[in-house]
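Here's the letter readout for the chains.
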Amino acid sequence: MLKIGVLGAGHLGKIHLKLLQLSTQYELVGFYDEDLENGKKIAEEFGYKQFNTIESLIDAVDVIDIVTPTLSHCECAAVAIKSGKHVFIEKPISNTVAEAEEIMALAKEYGVKGQVGHVERFNPAFIATKEMIENPMFIEAHRLAEFNPRGTDVPVVLDLMIHDIDVILSVVNSKVKSISGSGVSVISDTPDIANARIEFENGCVANLTSSRISLKNMRKTRFFQKDAYISVDFLEKACEVVKMKDAPENPGDFDMILQNAEGVKKQIYFANPTVAPNNAILDELETFAAAINGNTTPIVTLEQGTDALRVAYQIIDCFKS
């Protein structure tokens, strides 16, 4: 089993600690939190081993799970990688694109693997439908959240929208052509609601809306492609797939048939992919272990995490113009 240590014992860090203790792929060695008093309380309450320095934790493990504030991701990753340790880094990969590129360069230089915690890639509703998403030409994503002070130190694009950016980049097999966006600060110093339009070289257009001042929570993305409509509800972990095919010569009484102006008839039918329950955070951590043990490519690479961050900052730059 791979020995793993967690850097950061905040809200998400505690979730990672709990799940890693249950993992069959890792041996949880312990954690480090810069607030040593907070760390002491967590160690006493849950029984995890607390380390008093980052270096001592890194020396004791094979893998470092970085769940610290984004500002410190690059510094923590650099120390771990230079010690020859594999790194799992919560999203976003870092505070700046330059830092992300530094992390990528270090991982290549020291021959270690890295994965970024874009957890929606492991959402069971997305897993159930991703093989059906083929060459989408229009995508609409809404990620709305009720207000929570946690996370408001960064723009909503880095807090929420980056999830959808990563998902969209993972299914559109084309380079980004142009980006436009607008954002509004309502109660924070940075934008609380934002809309972005991403155009790809193959003609696909993605329209993304994110808000952290909504009256209700919503995390839904719709994919439109030739002869199919696919809806993924990341919040409810549900999906809907509507497809079209050439209508039979003699349709049944209950077949749904559409006829266009040219007289072409199509039959509408519904696919019902099975959504298998899972724990997405545990899955992303354990697939990283599989990539290390099998020497394969992680599902969310450092490069992909950097691409999502680069697009996010291109959207944020639109707010300034």
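**A word on the overall build of the chain**
Thinking step 1. When its secondary structure is counted, the chain shows nine helices and 14 strands.
Thinking step 2. A compact globule built from 321 residues would reach a C-alpha radius of gyration of about 20 Å, and the chain, at 22 Å, matches this within 12%.
Thinking step 3. Out of the 321 residues belonging to the chain, those deemed buried represent 49%.
Thinking step 4. Sequence separation of at least 24 residues holds for 67% of the intrachain contacts in the chain that already meet a minimum separation of 6.

**Considerations on the packing of helix α7 (residues 156-171) against helix α9 (residues 302-320)**
Thinking step 1. Relative to each other, α7 and α9 sit at 125°, their axes nearing to 9 Å. Relative to α9, α7 is oriented oblique. Crossing of α7 against α9: the hand is right-handed. In this structure, α7 contributes V157, L158, M161, I162, I165, D166 and L169 to the contact, and α9 contributes Q304, D307, A308, L309, V311, A312, Y313, I315, I316 and F319.
Thinking step 2. Its residues placed into classes, the contact of α7 with α9 shows 14 nonpolar, one polar and two charged.

**Regarding a negative patch on the surface**
Thinking step 1. Together, E34, D35, E37 and E44 make up a region of like negative charge exposed at the surface.
Thinking step 2. Along the chain, D35 turns up in the loop between β2 (26-32) and α2 (36-46).

**Quick notes on α2**
Thinking step 1. Every buried residue of α2 is accounted for by G39, I42 and A43. All buried residues of α2 lie within an arc of 100° about the axis, which places them on one face of the element. Every exposed residue of α2 that faces more than 90 degrees away from the buried side is listed here: E37, K41, E44 and E45.
Thinking step 2. Tucked into the core, α2 has its buried residues touching α1 (11-22) and β2.
Thinking step 3. G47 lies just past α2 and shows a positive phi near 85°.

**Comments concerning the sheet that holds β2**
Thinking step 1. One open sheet accounts for five strands, arranged β2-β1-β3-β4-β5; its pairing is parallel. Because the sheet does not close on itself, it has two edges, and the strands there are β2 and β5 (114-117). The mean inter-strand angle of the sheet, taken between neighbouring strand axes irrespective of direction, is 20°.
Thinking step 2. Of the strands in this sheet, β1 (2-7), β2, β3 (63-66), β4 (86-90) and β5 touch helix α8 (residues 280-294), which is tilted by about 155° from β4.

**Observations concerning the packing of aromatic side chains**
Within a pair of aromatic rings, the relevant descriptors are the distance that separates the centres and the angle that separates the planes.
Thinking step 1. Going through the model one piece at a time under the given rule, you end up with five aromatic pairs.
Thinking step 2. Their ring planes at 40° and their centres at 5.8 Å tell us that F138 and F224 sit as a pair that is tilted. Note that F138 is positioned in strand β6 (residues 138-144) and F224 in strand β10 (residues 218-225), a separation of 86 residues in sequence.
Thinking step 3. The exposure class of F138 is partly exposed, given its relative accessible area of 31%.
Thinking step 4. A ring pair is formed by F224 and Y229, whose centres lie 5.0 Å apart and whose planes are at 40°; its orientation type is tilted.
Thinking step 5. Aromatic ring contacts, followed pair by pair, group F138, F224 and Y229 into a single cluster.
Thinking step 6. Of note, R143 hangs over the ring of F234, and the distance from its end group to the ring centre comes to 5.7 Å.

**Section: the sheet that holds strand β9 (residues 205-211)**
Thinking step 1. Spatial ordering of the open sheet is given by β7-β8-β9-β6-β10-β11-β12-β14-β13, a layout of nine strands whose pairing is mixed. Sheet topology places β7 (176-184) and β13 (256-259) at the edges, where each strand pairs with a single neighbour. Ignoring which end each strand starts from, the neighbouring axes of this sheet average 15° apart.
Thinking step 2. Direction of pairing for strand β11 (residues 228-233) relative to strand β12 (residues 238-246): antiparallel, over a ladder of six bridges. Bridge assignment links D233 to a residue of β12, and that residue is A238.
Thinking step 3. Running over the sheet, α7 touches β6, β7, β8 (193-200), β9 and β10 and is turned about 155° from β9.
Thinking step 4. α9 contacts β7 and β8 of the sheet and is inclined by roughly 55° relative to β7.

**Concerning the pattern of salt bridges**
Thinking step 1. All told, the structure shown has ten salt bridges when counted by the stated rule.
Thinking step 2. Among the salt bridges present, the one from E120 reaches R219, with a minimum N-O distance of 3.2 Å. Placement of E120 in the loop between β5 and α6 (124-129) and of R219 in strand β10 is noted, with a sequence separation of 99 residues between them.
Thinking step 3. Residue R219 is classed as partly exposed on the basis of its relative accessible area, which comes to 25%.
Thinking step 4. When the shortest N-O distance is used, the salt bridge between D164 and R143 registers 2.9 Å. Here D164, found in helix α7, pairs with R143, found in strand β6; they are 21 residues apart in sequence, far enough to count as distant. With respect to burial, D164 and R143 carry one shared label: buried.

**Considerations on helix α4 (residues 73-82)**
Thinking step 1. With respect to burial, α4 is a largely interior element, seven of its ten residues being buried.
Thinking step 2. What α4 keeps buried is the set H73, C74, C76, A77, A78, A80 and I81.
Thinking step 3. Where α4 is buried, its residues contact β1, α3 (54-59), β3, β4 and α5 (97-110).
Thinking step 4. One or two positions beyond α4, positive phi appears at G84, with a value near 80°.

Quick notes on the rules
Within every chain, residues take consecutive numbers counted from 1 along the sequence as written. With the structure being a predicted model, the display of local features is reserved for residues of pLDDT at least 70 and the display and counting of side-chain atom pairs for 80 or more, all residues being used for whole-chain, interface and lining totals. Side-chain numbers here rest on the full set of heavy atoms in the structure, without hydrogens or water. For the purposes of this entry, the term helix denotes a DSSP run of H or I that reaches at least four residues, the term strand denotes a run of E that reaches at least two, and both are numbered from the N terminus. The atom set for the radius of gyration is the C-alpha atoms, and the globule formula is 2.2 Å times the number of residues raised to the power 0.38. Relative accessibility thresholds used throughout: buried, under 20% of the residue-type maximum; exposed, over 50%; partly exposed, between the two (1.4 Å probe, protein chains only). Note on contacts: a residue pair is in contact if any heavy atoms of the two residues lie within 4.5 Å. Helix axes use the C-alpha atoms of the stretch in contact, all axes being lines fitted to C-alpha atoms, and the angles between their N-to-C directions lie in the range 0 to 180 degrees. Each angle gets one of four labels, with under 35 degrees taken as roughly parallel, over 145 as roughly antiparallel, 65 to 115 as roughly perpendicular, and the rest as oblique. Each crossing gets its hand from how the near helix is turned against the far one by less than a right angle, where anticlockwise is left-handed and clockwise is right-handed. Amino acids are sorted into nonpolar (Ala, Val, Leu, Ile, Met, Phe, Trp, Tyr, Cys and Pro), charged (Asp, Glu, Lys and Arg) and polar (every other residue, Gly among them). Each patch is built from residues that are more than 30% exposed by relative accessible area and take part in no salt bridge. Like charges join if they lie within 9 Å; nonpolar side chains (Val, Leu, Ile, Met, Phe, Trp, Tyr) join within 5 Å. The protein chains shown are the only cover counted for residues, whose accessible areas, like all others here, come from Shrake-Rupley with a 1.4 Å probe. For this analysis, a salt bridge means a side-chain nitrogen from Lys or Arg found within 4 Å of a carboxyl oxygen belonging to Asp or Glu. Only four residue types enter the charge count: Lys and Arg as positive, Asp and Glu as negative, with His and the chain ends excluded. Note that the charge is assigned to NZ on lysines, CZ on arginines, CG on aspartates and CD on glutamates. The reported arc concerns the directions from the helix axis to the C-beta atoms and nothing else. Whether two strands pair depends on DSSP finding at least two bridges between them. Think of it this way: a Phe, Tyr or Trp ring, Trp meaning its six-membered ring, pairs with another when their centres are within 6.5 Å, and the plane angle makes it stacked under 30 degrees, edge-to-face over 60, tilted otherwise. Definition used: whenever NZ (Lys) or CZ (Arg) falls within 6 Å of the ring centre and also within 35 degrees of the ring normal, the charge is taken to sit over that ring.

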